[in-house]
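Summary of the model geometry
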Amino acid sequence: METLTKKKMEKLNHQKIRVTGSEALLRSLVAEKVTTIFGYPGGAIMPIYDKLMDFKDSLSHILTRHEQGAIHAAQGYARVSGRTGVCFATSGPGATNLITGIVDAYMDSTPIVCITGQVGSHLIGSDAFQETDVVGISMPVTKWNYQVTKAEEIPGAIAKAFYIAKSGRPGPVLVDITKDAMLQEMDYAYEPCTYIRSYIPMPIIKEEQLNRAAEMINEAKKPLALIGQGVILGGAEKELLAFLEKSGIPAAFTLLGLSAIPNDHPQHVGMIGMHGHAAPNIMTNECDLLIGIGMRFDDRVTGKVSKYATQAKIVHFELDKAEINKIIKVDAAVHGNVKKTLPAVTAKLVKKSYEGWINEFKEIRKDEEKRVIYPELFPEGNKISMGEIMRIINDAVKGEAVLVTDVGQHQMMASRYYDFKHTRTWITSGGLGTMGFGLPAAMGAQFGAPDKTVIMVAGDGGFQMTLQELGTIAYNRLPVKMIVMNNNYLGMVRQWQELFFDERYSATPISSPNYPILASAYGIAGETVKDRTDLKAAIDRMLETDGPYLLEVKVINKGNVFPMIPQGAAVNEVLYGDEKSSK
């Protein structure tokens, strides 16, 4: 069969033609401007993979080494590019291997369309080979899912899937297609979805909400803005800057809100949360007005809810109505996309400056620098700290790289010590905290931002969960720079065991392979650094290498991440880690 170019596809999509369900699916993806698919074939989805051979000029399929790798790669691709990620998997174990990534995408509002194969419709419910009710399994953790049993349903289902995944608060959707639907013929034509009855992704903005929020902001003496990922998802970075610069309000950032504005902005006062910076956490319980913007007041931000900002009035800018008053009761809610609501409120604000208030944050920051930051970035002796690694990376790339992390101590160090310069350059697993996320997400990010340097930082535990994706990186010659911070422990769990479980290190010591030899087995360059005097040169070599590079760094075995707000404590009950030694 003649290979179908993208131009031919666009022309044919508006004409009714006779095609199989498999071809209808692929034509529909092209119509949605999909160019990259991450996936893994199998029996039930084989007709789609067979037809994929005819779409080589318009669809690039990336064969991952595991289905979890495919969906994490789709997440990385979506997060860095702002587009909807797409992944394929077959029925049964193939589909269930996507679930962790689907939950991760659901928690972090990442738009993903998952296409799964299913056994023939006549076999459903018979416990056929590799039959699994993936629709039932994924229902609680998708924005929408649907099982297709007839070919003619495919174009409509795909159009609806993309509309739902990307509109409103983004998230994952899943379309499960039976094998007979893939093989049936149908009259194909494609119409994008722009409306679904009863689904209102963008609420009508209410003037009284805008007025109330503006009034409270104008009256505040010590306001603090908390910025979440909703700003990035809504493409409202410029609107946020305009709001901040007119209002003069200091801004703190959630883990996923980082990169919304450059770190060097004078009103940027750091990251909030369990391992965030001390000043914004402490000042949450000192401000008179707290303004949540595109964030959801999750437990890692609030600490003990009954002691959270009890002295302050609270304004919440939020698109998802379910998040308003869910955890923290607010005094004013502005329901809508922050790209529209922020400028509407900004227009009503009186221009102000809060120099004295911001200086109070700076004084607390000085104390944190002396007690925590400087010792982490410039440790004594030859042992290497995680913070020092991030300092050297930061100095080398100057905010121009995309930084992807796995989950654990290294993740917190990266979030604290990388100076973000551009939006969508920070990719990490937030709500679910998925170990194994980093490596496949980094390769997806590299496909999504091929002209950028992508740096992946992982711990020795998380890296080993998905290290088979080194095969995908090697095969595609992706120039991902990989750093494994190896402390021979599951570091974050070990830290909790030290602080709260009497140093009983149950099941946290972990061994690792020889990473440079492992890398070389895949044809990837790599090395191990043990002495801090060799660290900068090794990072320079990694960044200068044309192609992928794996750098293992042996870090302090029992290093901890501070400051820390213990679980169940108030946000101003900050541990600096030097309390014992200071007594």
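Provided above is the structure to which this section pertains.
The notes below deal with the structure included here. Keep in mind that this is a model prediction, so the values were computed, not measured.

1. Topic: the overall build of the chain
When helices and strands are tallied, the chain shows 25 helices and 20 strands. Expressed as lengths along the three principal axes of its C-alpha atoms, the size of the chain is roughly 75 × 65 × 40 Å. A buried classification covers 59% of the 583 residues belonging to the chain. In the chain, the share of contacts with a sequence separation of at least 24, taken over all contacts with a separation of at least 6, comes to 76%. For the chain, the accessible area works out to roughly 23,200 Å², and carbon and sulfur atoms hold 52% of it. Separation of charge centres in the chain, based on 63 positive and 65 negative side chains, amounts to 3 Å.

2. Regarding the layout of surface pockets
Counted as a void, the second largest pocket has a volume near 620 Å³. Lining the second largest pocket are 25 residues, with Glu376, Asn560, Phe562, Tyr576 and Gly577 positioned closest to its centre. Going through the elements one at a time, helix 16 (355–377), helix 18 (409–417), helix 22 (491–500) and helix 25 (579–582) are the ones with two or more residues in the lining of the second largest pocket. Take the lining of the second largest pocket: its biggest share by element is 4 residues, from helix 16.

3. Some thoughts on the packing of helix 12 (residues 237–247) against helix 15 (residues 338–346)
Interaxial distance between helix 12 and helix 15 falls to 9 Å at its minimum, and their mutual angle equals 25°. Viewed along their axes, helix 12 and helix 15 adopt a mutual orientation that is roughly parallel. In the packing of helix 12 onto helix 15, the handedness of the crossing is left-handed. Residues Glu239, Leu240, Ala242, Phe243 and Lys246 of helix 12 form the contact with helix 15, whose own contacting residues are Lys339, Leu342, Pro343, Val345 and Thr346.

4. Focus: the nonpolar core
In terms of nonpolar packing, the biggest core is built from 101 residues, with Phe243, Ile291, Ile293, Phe317, Ile389 and Met390 touching the most fellow members. Residues within four places of Ile293 in sequence aside, it is in contact with Ala225, Leu226, Ile227, Gly228, Val231, Leu240, Phe243, Phe317, Val338 and Leu342. Listed in part, the 49 residues of the second largest apolar core include Ala105, Val141, Leu467 and Val480.

5. Some points on the sheet that holds strand 7 (residues 172–178)
Pairing is parallel across the open sheet formed by 6 strands, whose spatial order is 3-2-4-5-7-6. Each of the sheet's edge strands pairs with one partner strand only, and the pair in question is strand 3 (60–63) and strand 6 (144–148). Between one strand axis and the next, the sheet turns by 20° as a mean value, whatever way the strands run. With respect to the sheet, helix 4 (residues 67–81) is in contact with strand 2 (36–39), strand 4 (85–89) and strand 5 (112–118), its orientation differing from that of strand 4 by roughly 170°.

6. Points about helix 8 (residues 154–166)
Taking 1.5 Å of rise per residue, 13 residues should cover 18 Å, and helix 8 covers 18 Å from first to last C-alpha, within 8% of that figure. The buried fraction of helix 8 is high, at 10 of 13 residues. Positive backbone phi, approximately 60°, marks Gly168, located one or two places after helix 8.

7. Quick notes on the environment of Tyr505
Within the fold, Tyr505 resides in the loop between helix 22 and helix 23 (515–521). Sequence-wise, Tyr505 and Val493 are 12 residues apart; in three dimensions their C-alpha atoms are separated by 8.7 Å. Excluding its chain neighbours within four sequence positions, the residues that come into contact with Tyr505 are Tyr489, Arg494, Gln497, Glu498 and Lys558.

8. What about the pattern of salt bridges?
One pass over the structure, following the stated rule, counts 27 salt bridges. A salt bridge links Arg371 to Glu579; the nearest nitrogen and oxygen atoms lie 3.9 Å apart. Taken together, the positions of Arg371 in helix 16 and Glu579 in helix 25 put the pair 208 residues apart, joining distant regions of the chain. Accessibility expressed as a relative area gives 27% for Arg371, which makes it partly exposed.

Reading guide: rules and limits
- Residues numbered from 1 in each chain as written.
- Predicted model: local features only at pLDDT ≥ 70, side-chain atom pairs only at ≥ 80, totals over all residues.
- Heavy atoms only, no water.
- Helix = DSSP H or I, 4+ residues; strand = E, 2+ residues; numbered from the N terminus.
- Buried < 20%, exposed > 50% of the residue type's maximum accessible area, 1.4 Å probe, protein only.
- Contact = heavy atoms within 4.5 Å.
- Areas by Shrake-Rupley, 256 points an atom, 1.4 Å probe, with all protein chains shown as cover.
- Lys, Arg positive; Asp, Glu negative; His and termini not counted.
- Charge placed at Lys NZ, Arg CZ, Asp CG, Glu CD.
- 1 Å grid on protein atoms, 1.4 Å probe; cavity = no way out; pocket = protein on both sides within 12 Å on 5 of 7 lines; lining within 4 Å.
- Points joined across faces, edges and corners; volume = space filled by probe spheres on them.
- Axes fitted to C-alpha atoms, helices over the stretch in contact; angles between N-to-C directions.
- Parallel < 35°, antiparallel > 145°, perpendicular 65-115°, else oblique.
- Left-handed = near helix turned anticlockwise from the far one by under 90°.
- Core = buried A, V, L, I, M, F, W, Y, C linked by side-chain atoms within 4.5 Å.
- Pairing = 2+ DSSP bridges.
- Expected span 1.5 Å × (residues − 1).
- Salt bridge = Lys/Arg side-chain N within 4 Å of Asp/Glu carboxyl O.

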